[in-house]
Amino acid sequence: MAYSTDADEIFPTLQQIVSDTLRVPAEQVTRESALSDLGMVESIKLLRVAGKIERRFDIELDDSLFFQGVSMGRLVDEIAAQRAAAVSGEAA
């Protein structure tokens, strides 16, 4: 399944996943936001976000990313990098 590796196309999908899962307004989820900045976020919710991202983008993320306070922009970069690696691997 092909997904974009373009950060500008990945962010809106990531934003929607986070907004829906954490029940926060989408406009509150910015590239500079860390998941921990988006209210009272419990560990189980972080893992739900991680699982939804992994299923949607067909990737596997290190769960520690979600507990280190990484920004949404950093998550976008990680998703884009993994998708690019998968695309180049599919082409081989």
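## Some remarks on the side chain of serine 33
Reasoning step 1: Take serine 33: it is sitting in the loop between α1 (7-22) and α2 (43-57).
Reasoning step 2: From its side chain, serine 33 meets the backbone oxygen of glutamine 28 in a polar contact 3.3 Å long.
Reasoning step 3: Here serine 33 is in contact with Gln28, Leu38, Val70, Ser71 and Met72, once residues within four sequence places are set aside.

## Focus: the confidence of the model for the protein
Reasoning step 1: The predicted model of the protein has a mean per-residue pLDDT of 87, with 91% of residues at 70 or higher.
Reasoning step 2: Mean pLDDT values over the elements of the protein span from 85, in helix α3 (residues 64-67), up to 93, in α1.

Conventions and cut-offs
- Residues numbered from 1 in each chain as written.
- Predicted model: local features only at pLDDT ≥ 70, side-chain atom pairs only at ≥ 80, totals over all residues.
- Heavy atoms only, no water.
- Helix = DSSP H or I, 4+ residues; strand = E, 2+ residues; numbered from the N terminus.
- Polar contact = N/O pair within 3.5 Å; in protein donor to acceptor, adjacent residues only side chain to side chain.
- Contact = heavy atoms within 4.5 Å.
- pLDDT = per-residue confidence, 0-100.

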